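Listed below are the residues making up each chain.
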Amino acid sequence: MVGPWEHEEVVTRLGPRSGVPVTVAVHSRRLGPAAGGIRLTQYPTWQDGLADALRLARGMTYKNAVAGLPFGGGKSVIAVPSTVPVTPSLRADALADLGELIATFDGSYLAGPDIGTGPDDMVYLRSFARHVFCLPESHGGTGPSSLPTARGVLAAIRAGLTAVFGSPSVSGRRVVVVGMGSVGSLLASSLRSAGASVVAADLIESRCAGYETVPVAGVYETDADVLVPAAVGGVVGAGVRAPLVVGPANNQLRSDDAAAALRDAGIVWVPDFVAGAGGVIYTLTREAEGLDPEAAMARVEAIAGTVETVLAKAAANGTTTLAEAVALADGRLNDAAGGRRS
Ligand code: PHE
């Protein structure tokens, strides 16, 4: 699927203030302006940051297309070298550098938060670029996207449980949440409130306080009813033991072949770009399309129906859930292009 020059526009710039490489990657604008969050984290090299931006932008094309949003896919990455500590002043300088770059896209790339950034950063970025979303409500935005993201993942978990166990109830289910960041921690508490037995794992152990924990090493192979990847990508493949895998982490599979390996092992994997779309759905239907909170949340809950469709098609056709979700997205992308293929 990945061909040469697949992305429409990619700009990496050495930030003039921070000395940190900042990237905006636009994978596709076929359905509308590219939308995707800003990841601020450490990478061994700037090329690793760029590669992550390319993968994440592509994931957003599929996420937005499957969600039925009139947006293409893009992503920003602020790639702080692994050897450099992320101090508040470096963050501010790097965000300013990225903000200037985002402004040059003049609305053809819409930015929101992702790992390492949040609503307050969006306020700061807005002073450099207009097309920044998820500001706090006090600044006229809809606030953190982690809440609707978690709502959508819960809807996806229930649809997955129905397919695997015949009931959407999480009560009594052993659920392993990997990554207790903004979305993972919300998921863990909602699942526990709904009666699940939640096991948490995070490199920062203090984030798991109050939960049964398991070490991060080998966590994706833990015995559980549901595995919830809520950290970085490239983690799910052969060796997984939970019968249901569904979570918000982007680019979860170690490779596209992993989808077939999971199917062959009888494991149901809900594609990340289906399950994790709640944040972008809620934020952009409200902030860019003017939906009210209830209507926007109903769009988030509709993720359950998409999961049902994708799982049913994969089961009926003997294909993978990845192939069926990609087909759904490709259908919309090709319709938008009037049948044109690129
Ligand atoms: N971080 C979100 C994701 O990966 C992207 C996002 C973009 C969220 C715009 C809100 C608004 O899906």
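So, here's what we can say about the structure. (Residues numbered from 1 in each chain as written. Predicted model: local features only at pLDDT ≥ 70, side-chain atom pairs only at ≥ 80, totals over all residues. Heavy atoms only, no water.)

### Brief notes about the site of the ligand
Let me state the cut-off plainly: Being near a molecule or strand, for a residue, comes down to having at least one heavy atom within 4 Å of it. A 3.5 Å cut-off defines polar contacts: any pair of N or O atoms within that distance qualifies, except that in protein one atom must be a possible hydrogen donor and the other a possible acceptor, and neighbouring residues in sequence count only when both atoms are side-chain atoms. With residues, only the protein chains shown are counted as cover, and all accessible areas are computed by Shrake-Rupley using a 1.4 Å probe. Only DSSP runs of H or I covering at least 4 residues are called helices, and only runs of E covering at least 2 are called strands; the numbering of each starts at the N terminus. Gly is placed with the polar residues, together with every amino acid not listed as nonpolar (Ala, Val, Leu, Ile, Met, Phe, Trp, Tyr, Cys and Pro) or charged (Asp, Glu, Lys and Arg).
Every one of the 14 residues lining the ligand counts as a neighbour, but K63, K75, P113, D114 and N250 are closest to it. P113 places a polar main-chain atom, nitrogen or oxygen, 2.8 Å from a nitrogen atom of the ligand. For the ligand, a nitrogen atom lies 2.8 Å from a polar atom in the side chain of D114. Calculation on the ligand without its partners gives an accessible area of 330 Å², and the protein chains cover 94% of this total. Contributions of two or more residues to the shell around the ligand are made by strand 3 (34-43), helix 1 (46-66), strand 5 (109-113) and helix 8 (278-287). Sorting elements by how many residues they give to the shell around the ligand places helix 8 first, with three residues. Its residues assigned to classes, the shell around the ligand comprises four nonpolar, seven polar and three charged.

### Structural notes on the packing of aromatic side chains
Stated formally: The aromatic pairing rule takes the rings of Phe, Tyr and Trp, using the six-membered ring of Trp, and pairs them if the centres are within 6.5 Å, calling planes under 30 degrees apart stacked, those over 60 edge-to-face and the rest tilted. Each residue is placed in one exposure class: buried if its accessible area under a 1.4 Å probe, protein chains only, is under 20% of its type's maximum, exposed if it is over 50%, and partly exposed if it falls in between. Whether a charge lies above a ring is judged from NZ of Lys or CZ of Arg, which has to be within 6 Å of the ring centre and within 35 degrees of the ring normal.
Tallied over the entire structure, the rule returns three aromatic pairs. Between F105 and Y109 the ring centres are 6.3 Å apart and the planes differ by 70°, which places this aromatic pair in the edge-to-face class. A relative accessible area of 0% places Y109 in the buried class. Geometrically, the ring pair formed by Y124 and F128 is edge-to-face, given 5.4 Å between the ring centres and 80° between the ring planes. By relative accessible area, which is 26% here, F128 ends up partly exposed. Sitting over the ring of Y211, R192 keeps its end group 4.1 Å from the ring centre.

### What about the environment of L227?
For clarity, the threshold we go by: In this analysis, two residues are considered to be in contact whenever any of their non-hydrogen atoms come within 4.5 Å of each other.
Secondary-structure assignment places L227 in strand 9 (residues 226-229). L227 sits in the buried class, given a relative accessible area of 1%. Spatially, the C-alpha atoms of L227 and V175 are 6.0 Å apart, while their sequence positions differ by 52 residues. If near-sequence neighbours (up to four positions away) are discounted, L227 is found in contact with V176, V178, V219, Y220, V240, A242, L244, V245 and V246.

### Structural notes on helix 4 (residues 146-165)
The following threshold applies: For a helix, the expected span equals 1.5 Å multiplied by the residue count minus one.
With 20 residues, helix 4 ought to run about 28 Å at 1.5 Å a step, and its terminal C-alpha atoms sit 27 Å apart, in line with that. At the C-terminal side of helix 4, G166 shows a positive phi close to 80°.

### Regarding the pattern of salt bridges
Two side chains carrying opposite charge are able to pair once their charged atoms lie near each other. This is how it is decided: Between Lys or Arg on one side and Asp or Glu on the other, a salt bridge is scored when a side-chain nitrogen of the former is within 4 Å of a carboxyl oxygen of the latter.
Inspection of every chain in the model, using the stated rule, returns 16 salt bridges. In this structure, D52 engages R55 in a salt bridge whose closest nitrogen and oxygen atoms are separated by 3.2 Å. With a gap of three residues between them, D52 and R55 both fall in helix 1, about one helical turn apart. The class of D52 is buried, set by a relative accessible area of 11%. In this structure R55 comes out as partly exposed when scored by relative accessible area, which is 45%. Here E212 and R174 are joined by a salt bridge, their closest N and O atoms 3.4 Å apart. Taken together, the residues span a long stretch of sequence, with E212 in strand 8 (residues 212-213) and R174 in strand 6 (residues 174-178) at a distance of 38 residues. Take R174: its relative accessible area is 28%, and that puts it in the partly exposed class. Sharing partners across several salt bridges, the network here consists of R39, D52, R55, K75 and D114.

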